[in-house]
Structure formats: structure tokens, C-alpha cells
Amino acid sequence: MAVVEGEAVFTAGQWWGAIGFGDPRQILDRDDPRHDRTGEFLEELKRGIVERLVASDERTAAALTQRRWERAVAAAEDPAQRLTLSMRTLEEALPIGRAAGGSVRDSCERYLMETWSMGTLHGQLRDAAYYGTSSALRPGASRDRTELRNAILPSTGDLSFTFKPRTFMERIAEVLSGLDELTMQHRMVAEAADWVSSASAMDAHIEELDGRFRRLLARTIRQRNAVVHGAQTVPQVIANCEPFIRELCGQVVAQALAAVADGEDPVDRLESARAAWLRQRAALRDGKQPASVVFAGPLTED
């Protein structure tokens, strides 16, 4: 009898564990060409992408090249190298008016800042809502608290949920009233309540996020320049900048793929998203309440 290293567990009527305990017939069967899933993955591609690839569309090829580059960069072991190589995606995907003295920083601020700031705001509100209503998940939670959470974070099945920012902003006082002071949850929701209390307060907070974007972008460019010129970098600073640049690149690549699938220009897509956020912010400056305009869609141009 051979001794095999690994684990074996029997639960719910099934065995599972290390590969040494699997059925050899099933292991060999996995390599059968009949079980190749390439066709399934191809079917998931949007028809527009496939049609434009067949037609040798340059924008579609460029979008896929950007995606391949993004994956290749993510596989690099050195964080400083990943940060430096990520800048290539932005430099190639965004229009940069160098003849007029423009820079990658200018293009990032124009095409990406509003989307990043509003995305960050969405994440802040979502986190406040999640932790502020977490007591509804505990045994014995009141029906009102459970109803409040379900209204703000309705379940979509399989332990997942969606976030309703407008509902959260409208009912944030209810969320805050059920929290103990001096707790992390109370602090998070209280901060969010301050932002949504008025149009001017929300606009001021978004301006703060814009400032954070500019600082992170400037810091990231400085680190890239340091790496390119062989200067010393600080690992902690690289660790602070890398998630930021990765998020920007992911945003650009995702928008490019979505645009070419619909036959649109990727830059026009970015400009359209920016314009939609700017209209929401203009509505705030006109005194509209945050719950009625923030994350309320593109609004109308007039």
C-alpha cells in the first residue's frame, strides 16, 4: 500500500482533499478535449468585440493590448516596477497634448479625476452603510433594523448584496440613531451624515476627494520618475501609490473594452462619464439635495 501525502475530508456526503485522494479516472478525464471550456468563454465575449476583431479594428486591438499589458504588469514581482510599468497604460490610452504643454498628469485629471472621486465617495458611503447596519445580522435584531438594512443593502442571493446609495442618504438618520456613540460604526455613519446634510457639505467633501486624487497622482508620478532615473524609492510610498495607479489603469482598460464592444471611441466614453459626474456636481452647487442628484444617473444636460 502506497502512502500519499495530503488531506482527505468527508462532509455532506462527499470526499474532498488533496489531489492524491481523487479518483484517477476523473483526474484523467479533466484533460479530455471534450471538456475544454474555451468555447464557453468565447461565447461570453460581447458580439461587438468579436466582430471588430475579425474586421481588424485598430481600437479593439489596442483595447485588448492594454488589457494584456495590465495583466502582464500585475504579474511582476517588484512593486516599484509594477507602478512604473502601469503608467504606460495611461500614457498610451489618454490623449496628451504635449505640443500645447500638456502632460499625463493633466490628462489624468481631465478624464479620470471625477470618476475616481465619485467612485471613492460611493465606497465610503457603502462601507458606512454596511457597518452601520451590521447589527441587523445579529440574532435577535429588531424587525425595524432588519428592514432598514434590507432597504439599503438588499440581498441578491449567495451571501451577496447590492447597495442603494440614495436610500442610505435618505435614511441615514435612522441608521445613526441605532448606533452606540464612540464606536467605529457610529463615527463612520456620522461622517457620512455630515456629507449628505446639505448640497454645500457634499460638494466640499467631493472637492476634498479631488485634492486627494491630485496628491496621489503627483506622488505616483514622482515615484515613477525616481524608478526611471535610478533614484531611491521608499517601499511604504510605493505601497501607498500602487493601488491608486492600478485602479486608474483598471478604469481606463474597462472603459476601453466597453467602448469598443459598443462601437464607441474609448476617449469619448471617458469624456461622457466625466460629463455625467460634472452635471451632478453642478446640481449640488445649484443647491439640490445630495440624495436627489448624487449617483442619480447622468441627469439632463439642461
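The structure contained in this document is the topic of the report that follows.

A separate point is unusual backbone geometry. For Leu 182, which is not glycine, the phi dihedral falls at a positive 70 degrees. Within the fold, Leu 182 resides in the loop between helix H9 (172-177) and helix H10 (184-196). Positive phi is not limited to glycine here, since Phe 295 has a value of about 60 degrees. Relative to the assigned elements, Phe 295 resides in the segment after helix H14 (290-293).

As for its placement among the helices and strands, Asp 78 is situated in the loop between helix H4 (58-74) and helix H5 (79-93). For Asp 78, the side chain forms a polar contact with the main-chain nitrogen of Gln 81, separated by 3.0 Å.

Turning our attention to the packing of helix H3 (residues 47-54) against helix H12 (residues 235-261). For the pair H3 and H12, the least separation of the axes is 7 Å and the interaxial angle reads 80 degrees. The orientation of H3 with respect to H12, classified from their angle, is roughly perpendicular. In contact with Gly 48, Ile 49 and Arg 52 of H3, H12 contributes Leu 257, Val 260 and Ala 261. Considered class by class, the residues forming the contact of H3 with H12 number four nonpolar, one polar and one charged.

Attention now goes to the packing of aromatic side chains. For any two aromatic rings, the description comes down to two numbers: the centre-to-centre distance and the angle of the planes. Under the criterion given, the structure shown has seven aromatic pairs. When the ring of Trp 116 is compared with that of Phe 244, the centres are 5.7 Å apart and the planes differ by 75 degrees; the resulting orientation is edge-to-face. Placement of the pair is Trp 116 in helix H6 (residues 104-132) and Phe 244 in helix H12, with a sequence separation of 128 residues. Comparing Trp 116 with Phe 244 shows no difference in burial state: the two are buried. Judged by centre distance (5.1 Å) and plane angle (90 degrees), the ring pair of Tyr 130 and Tyr 131 falls under edge-to-face. Residue classification places Tyr 130 among the partly exposed positions, given a relative accessible area of 30%. The exposure class of Tyr 131 is partly exposed, given its relative accessible area of 35%. Positioned above the aromatic ring of Trp 69, the side-chain terminus of Arg 88 is 3.7 Å from the ring centre. In this structure, Arg 110 packs its charged tip against the face of Tyr 111, placed 5.4 Å from the ring centre.

Cut-offs used in this document
Residues numbered from 1 in each chain as written. Predicted model: local features only at pLDDT ≥ 70, side-chain atom pairs only at ≥ 80, totals over all residues. Heavy atoms only, no water. Helix = DSSP H or I, 4+ residues; strand = E, 2+ residues; numbered from the N terminus. Polar contact = N/O pair within 3.5 Å; in protein donor to acceptor, adjacent residues only side chain to side chain. Axes fitted to C-alpha atoms, helices over the stretch in contact; angles between N-to-C directions. Parallel < 35°, antiparallel > 145°, perpendicular 65-115°, else oblique. Contact = heavy atoms within 4.5 Å. Nonpolar A, V, L, I, M, F, W, Y, C, P; charged D, E, K, R; others polar. Phe/Tyr/Trp six-rings, centres within 6.5 Å; stacked < 30°, edge-to-face > 60°. Buried < 20%, exposed > 50% of the residue type's maximum accessible area, 1.4 Å probe, protein only. Lys NZ or Arg CZ within 6 Å of the ring centre and 35° of its normal.

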